[in-house]
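# Coordinate analysis (summary)
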Amino acid sequence: MRTGDYKQTYGELVALVDSPPVWLWSAVLVLALIAAPHVLNSYALSLLTVILITATGALGLNILTGYTGLISLGHVGFLVTGAYAYAVLVAKYQMHPLIGLLGAGVVPAAASLVVGAPSLRLKGLYLAITTLAFSFIINTAILEMRWLTNGARGISVQRPQMFGVSFDGDAAFTYLCLAIATLTLFATLNIRRSRVGRAFVAIRDNDTAARVMGINLHAYKLLAFVTSAFITGIAGALYGLYLSFVSVEGFPFLLSIEALAILIVGGLGSALGAVLGTILIGLLPEATRIILGLFSAQMDALFTTGAQELKSMLYGLVIILFLRFQPRGLVGAWHDIRRTWVHWPLRY
Amino acid sequence: MTALLAIENLSKRFGGLQAVADVSLQVAPGEICSVIGPNGAGKTTLFNMISGVLRPSSGSIGFDGIDLATIPPWRFAAAGIGRTFQNLALFKHGTVVENILTGRHTHLRSTVLDAVLWFGRTRREEISARQRVEHIIEFLEIEHIRDAVVGTLSYGQQKRVELARALACEPKLLLLDEMVSGMNQEETEDIARFVLDIRDELGITVLMIEHEMRIVMDISDRVHVLNFGRKIAEGTPDDIRRDPAVAEAYLGGNRAATTARTTTGADA
């Protein structure tokens, strides 16, 4: 049992993590992730890569929906914009991949200003519908702008070569995704503990009080949109690279729902929650397939034929179960476990 | 001595309802002023206009040499106006410290890029902000609850956190909307003591709405009385106690005129 938290400087008070064991376990996790590509088979490795990319996107959505409380059903629009921005810049105009990644952030961020503007007046369901419309408009625009996007034919992209390192191999590409996901995690954690993050949360919890505290509501809502779209766009570019082909069909609307499911399952408004939620949702279809496969081979076959339909059913089921039994999400459960552990054998 | 807050002929209409009508009042620097009046007199509407929550229908609010109509509402905090709300308006998922830190918003400069990098400007700012917050926590004697989530605190404690958050803005003028409603005797006395300390030690001018006559009469330098949106009286607590118009507003009708002295006197 620990007796308390004793701090001697203000620097310790504002630190990200104040306990050495957390740093130790995080370091172990990072080492495990670095070792993973050499241990895992190619199927498991691709699953890991998708989880890392999804985590990046979920962290992006978390800034808007989790921190600022603005519900977006159109985040797939930012994903696809980011993927196309990268594909057009790198595959079509032969720019440096880094410029491509930057563009994959900047272009969706600019687009988010357009969809963010109505958010200054809309709330809740109305905003959700507006963002939904945005994602469909984006799809149509991409299909129509054939001179730039090849329309329905899509653009094939090759994995980049940067700083003399080729990210063509699966292991190398996983490292790229790992690096970007880790940077994104730290970026969002840092935003959360600064004045910007507090302003976002203040807008979510009580916008009148936020304005009386001197927070410019319009500017900060747009800032939340821009930051969120920037990160999501980069995740979109990575996903395009993962598929090695960028097309509108590669980014179905289900991804928007999946992203919201991740946030609810993980625990709204928490970066750790977004990561935990990604892991659960990412592994859920696989785990279900394996478990059901144990019972009969027919079930296994069902998964290969109706993967999309079963996925959306699973997401729905998981959202309902979490809202009913663990509304604070995985991160809430984690806090409860940790409290019990720290205070044991006392109740609290 | 020029007034810190100078309200001229201020009015607010909601459709057919005249919530505030032609109110003028002045608050001098270093004063503790009270606004009293029966329910629905327009006191909170007046506060909402001073703090930028509502725009006036007509009239002007001058604050510290600027006309508040010329700046957007979110700049009021930076201009030096802080407030608490009648029905708590805390960020209820955050801890006490986080809530108070939010009050430091206008005093910090980090952009989102600074925040992402963290080291450098943002870390420096966060440390100094945290230092200020700890001083405020000590000042208001809420050390024991500093890491609690505000949603789990009692009403009186939450009110005190709101006061702390308003102080973190370092306002020149602090608007307190019914601080002591629902508090017991001891908590009320604590708040009265804090209000005096806020004026005397921190040099902040206080304008408060209060129904609790003891605190109004004990610590106010001036009292303004509203009824049906109009100002019906102004003066020192003693003047107000003797004012027949005030007694009539509170007690109604002709009966009030005869009982005015005894009732309000006893109340105070």
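Since we're looking at a predicted model, the values are computed, not measured. (Residues numbered from 1 in each chain as written. Chains lettered and ligands numbered in written order. Predicted model: local features only at pLDDT ≥ 70, side-chain atom pairs only at ≥ 80, totals over all residues.)

### Focus: the overall build of chain A
Looking only at helices and strands, chain A has 16 helices and four strands in total. Taken against the 2.2 N^0.38 rule, which gives 20 Å for 348 residues, the C-alpha radius of gyration of chain A at 21 Å falls within 12% of a compact globule. Across the 348 residues in chain A, those meeting the buried criterion constitute 44%. In chain A, the proportion of contacts linking residues at least 24 apart, taken out of those at least 6 apart, comes to 76%. (Helix = DSSP H or I, 4+ residues; strand = E, 2+ residues; numbered from the N terminus. Rg over C-alpha atoms; globule rule 2.2 N^0.38 Å. Buried ≥ 20, exposed ≤ 12 C-beta atoms within 10 Å, placed from the backbone. Contact = placed C-beta atoms within 7 Å.)

### A look at the overall build of chain B
Counting secondary structure elements, chain B contains 11 helices and 10 strands. Taking 18 Å as the expected radius of gyration for a compact globule of 268 residues, we find that chain B reaches 20 Å, a close match to that expectation. With respect to the three principal axes, the spread of C-alpha positions in chain B is 70 × 40 × 35 Å. Considering chain B as a whole, with its 268 residues, one finds that 45% of them fall into the buried category. Across chain B, the fraction of contacts at a sequence separation of at least 24, relative to all contacts at a separation of at least 6, is 65%.

### Points about the interface of chain A and chain B
On the side of chain B, 33 residues touch chain A, which itself brings 28 residues to the contact. Contributing elements (two or more residues each) for the side of chain A that touches chain B: helix 1 (10–13), helix 8 (170–192), helix 9 (195–205), helix 10 (207–212) and helix 11 (217–243) of chain A. Ranked by residue count, the leading element in the side of chain A that touches chain B is helix 9 of chain A, at eight residues. In terms of residue class, the side of chain A that touches chain B is made up of 15 nonpolar, nine polar and four charged. (Nonpolar A, V, L, I, M, F, W, Y, C, P; charged D, E, K, R; others polar.)

### A short note on the domain arrangement of chain B
Residue and element names in this part refer to chain B. When cut into domains, chain B gives domain 1 (1–80 + 172–268) and domain 2 (89–170). A separation of 27 Å is found between the C-alpha centroids of domain 1 and domain 2. In this assembly, eight residues from domain 1 lie in contact with eight residues from domain 2. Those elements that place two or more of their residues in the side of domain 1 that touches domain 2 are helix 2 (76–79) and helix 7 (185–202). A breakdown of the residues in the side of domain 1 that touches domain 2 according to their chemical character gives six nonpolar, one polar and one charged. (Domains from an automatic or database assignment.)

### So, the sheet that holds strand 5 (residues 66–67) of chain B
Residue and element names in this part refer to chain B. Read from one edge of the open sheet, four strands run 2-1-4-5, paired in antiparallel fashion. Of all the strands in the sheet, the pair left with one neighbour each is strand 2 (17–27) and strand 5. Note that strand 1 (residues 5–14) and strand 2 share seven bridges and pair antiparallel. Within the sheet, the bridge partner assigned to K12 lies in strand 2 and is V20. Where helix 1 (residues 43–50) meets the sheet, its contacts fall on strand 1, strand 2 and strand 4 (58–63), and the angle it forms with strand 2 comes to roughly 65°. (Pairing = 2+ DSSP bridges. Axes fitted to C-alpha atoms, helices over the stretch in contact; angles between N-to-C directions.)

### Some words on the packing of helix 4 (residues 75–92) of chain A against helix 11 of chain A
Residues and elements named next belong to chain A. Running from N to C, helix 4 and helix 11 point in directions that differ by 60°, and their axes come no closer than 7 Å. The angle between helix 4 and helix 11 places the two elements in the oblique class. In this structure, helix 4 meets helix 11 at a crossing whose hand is right-handed. The segment helix 4 lies against helix 11, with H75, F78, L79, V80, T81, G82, A83, A85, Y86 and A87 engaging A229, T232, G233, I234, A235, G236, A237, Y239 and G240. When the residues that make up the contact of helix 4 with helix 11 are grouped by side-chain class, the tally is 12 nonpolar, seven polar and no charged. (Parallel < 35°, antiparallel > 145°, perpendicular 65-115°, else oblique. Left-handed = near helix turned anticlockwise from the far one by under 90°.)

### Some remarks on the environment of A:G69
All names here are of chain A. Along the chain, the position of G69 falls in the loop between helix 3 (42–67) and helix 4. Residue classification places G69 among the buried residues on the basis of 20 C-beta atoms within 10 Å. In sequence terms G69 and A202 are 133 residues apart; their C-alpha atoms lie 9.6 Å from each other. Not counting chain neighbours up to four residues away, the residues in contact with G69 comprise I203 and R204.

### Examining the pairing of strand 4 of chain B
Residue and element names in this part refer to chain B. When strand 1 meets strand 4, the two strands line up antiparallel, connected through five bridges. The residue bridging A6 from the neighbouring strand is G62, located in strand 4. Examined bridge by bridge, strand 4 and strand 5 share two bridges and lie antiparallel to one another. Opposite F63, over in strand 5, you have I66 as the bridge partner. As consecutive antiparallel partners, strand 4 and strand 5 are separated by two residues, and within that stretch D64 has a phi angle of approximately 55°, a positive value.

### Side note on the nonpolar core
In this structure, A:A83, A:Y86, A:L238 and B:V206 are the most contacted members of the largest nonpolar core, which totals 163 residues. When residues of this core are assigned to their parent elements, the largest contribution, 15 residues, is made by helix 11 of chain A. Both of domain 1 (1–80 + 172–268) and domain 2 (89–170) of chain B provide at least three residues apiece to this core. Non-local contacts of B:V206, meaning those with residues more than four positions away in its chain, are made with B:I32, B:C33, B:L174, B:L176, B:V195, B:I198 and B:R199. (Core = buried A, V, L, I, M, F, W, Y, C linked by C-beta atoms within 7 Å.)

### Topic: the pairing of strand 8 (residues 205–209) of chain B
Residue and element names in this part refer to chain B. Along strand 8, five of the five residues are buried, which leaves the element largely enclosed by surrounding structure. Of the two faces of strand 8, the one lined by T205, L207 and I209 and the one lined by V206 and M208 are each fully buried. Bridging between strand 3 (residues 32–36) and strand 8 involves four bridges; their strand directions are parallel. Each bridged residue has a counterpart across the sheet, and for C33 the counterpart in strand 8 is L207. Across five bridges, strand 7 (residues 173–177) lies against strand 8 in parallel orientation. Bridge pairing in strand 8 places L174 opposite V206. After leaving strand 7, the chain enters helix 7 and then returns to the sheet as strand 8, a path that is right-handed. (Right-handed = clockwise from strand over helix to strand, strands pointing away.)

### Points about the UniProt feature "transmembrane region" (unreviewed entry) in chain A
Residues and elements named next belong to chain A. The UniProt feature table records "transmembrane region" (unreviewed entry) at residues 21–39, 45–64, 71–91, 97–117, 124–143, 172–191, 222–242 and 254–283. This span, residues 124–143, is 100% helix and 0% strand, and a straight line between its end C-alpha atoms measures 29 Å. Annotated as residues 254–283, this span is 87% helix and 0% strand, and its ends, taken at the C-alpha atoms, are 16 Å apart. (UniProt positions renumbered as here; feature names shortened; annotations may be inferred.)

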